[in-house]
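Observations on the three-dimensional arrangement
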Amino acid sequence: MRAPDHDRGPGRPRSAAAERAILDAVISLLEAGEPLAGLSIERIARTAKVGKATIYRRWDGKEELFLDVLRDMELPDPVVSGTAGLADLRVLMESQRTRGLAQRSSVLLHNVIVQMKSHPRLWTEYQNTVIAPRRAAMVDAVRRAVEAGELRDDLDVELMDDLFIGAMLVRTLHRRDAPLPDDLVDRVMDALLQGLGPTSGASAAAPRPADAPGRSDAPGPTAGG
């Protein structure tokens with residue numbers, strides 16, 4: 001948990017300036033090749049030219065500081081209306097696309113995220129304080145779209161959210177060689193809203209388990225068939 005700010009005493013640097021110096025110090029050390037595990041509060045304080053107490057007044061420890069460093073390096077989360085459905089959903093998906101582009105263009109950002117995964121407590125905190133709110137915002141937008149009649153009301157809201165964000169996560173995280181063009185969000189949303197079935201001719205229904213190839217328990221032809 002981030003420590004609360006305290007009143008500034010005489011001669012003490014302004015809060016915003018001190019925070020900026022500390023964040024920049026961590027980033028500069030990481031750019032120089034220092035791993036997260038090797039950074040100490042003492043080293044960060046020396047690099048930022050502040051006292052250790054200045055750091056501890058703002059953060060309880062390294063993990064909380066590193067989370068704010070990562071937030072500082074990432075693009076800020078978008079502001080949505082909170083009342084629209086698909087329009088807000090599109091803004092949130094576009095933010096995921098641009099974050100993916102930022103990670104691809106910043107070796108440092110990518111490496112920091114990879115290193116965080118080797119620190120279970122830090123990664124869990126990142127998931128709880130950064131990823132979970134983003135997912136909640138997406139689910140809320142999907143729910144508003146359902147209420148507005150923009151999406152079906154007979155499907156699980158979280159499943160629909162997974163379908164929308166899943167395509168973006170595959171492109172941005174799992175297929176780092178896949179293109180992230182400007183129209184990607186529109187193409188994903190259009191495909192999901194229109195459905196993936198054929199647009200002409202007889203609709204192709206997915207085979208049921210009993211009809212799947214190789215099933216020995218599939219019913220055979222009837223006597224008169």
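Below you will find a few notes about this structure. Chains are numbered independently. Their residues run from 1 in the order of the written sequence. Note on the predicted model: pLDDT of at least 70 is required for a residue's local features to be given, and 80 or more for side-chain atom pairs to be given and counted; whole-chain, interface and lining totals, by contrast, use all residues. As a rule here, side-chain values come from all non-hydrogen atoms in the structure, and water together with hydrogens is ignored.

Our focus in this paragraph is the pattern of salt bridges. By definition here, a salt bridge exists when the distance from a side-chain nitrogen of Lys or Arg to a carboxyl oxygen of Asp or Glu is within 4 Å. This structure, assessed with the given rule, holds 20 salt bridges. We note a salt bridge from Asp161 to Arg135, for which the minimum N-O separation is 2.8 Å. One end of the pair, Asp161, is in helix 8 (residues 157-174); the other, Arg135, is in helix 7 (residues 120-147), and 26 residues separate them in sequence. Only protein chains enter the accessibility calculation, which uses a 1.4 Å probe. A residue is then buried if its area is under 20% of the maximum for its type, exposed if over 50%, and partly exposed in between. By relative accessible area, Asp161 is classed as buried at 1%. Judged by relative accessible area, Arg135 falls into the partly exposed class, the value being 31%. Each helix corresponds to a stretch of at least 4 residues labelled H or I by DSSP, and each strand to a stretch of at least 2 residues labelled E; elements are numbered beginning at the N terminus.

Right, let's get into unusual backbone geometry. Phi at Lys49 is positive, roughly 60°, even though this residue is not glycine. Among the structural elements, Lys49 can be located in the loop between helix 2 (41-48) and helix 3 (52-56). The exposure class of Lys49 is exposed, given its relative accessible area of 74%.

Let us now look at helix 7. Across its 28 residues, helix 7 extends 38 Å between first and last C-alpha, which sits within 8% of the 40 Å expected from 1.5 Å per residue. Throughout, the bend at a residue refers to the angle made by two axes, fitted to the seven residues ending there and to the seven starting there. When the local axis directions of helix 7 are compared, the greatest deviation, roughly 35°, occurs at Ile131, which is followed within four positions by the proline Pro133. Of the positions making up helix 7, those classed as buried are Leu122, Tyr126, Val130, Arg134, Met138, Val139, Ala141, Val142, Arg144, Ala145 and Val146. Phi turns positive, to about 80°, at Gly149, one or two residues after helix 7. Take the residue count of a helix, subtract one, and multiply by 1.5 Å to get its expected span.

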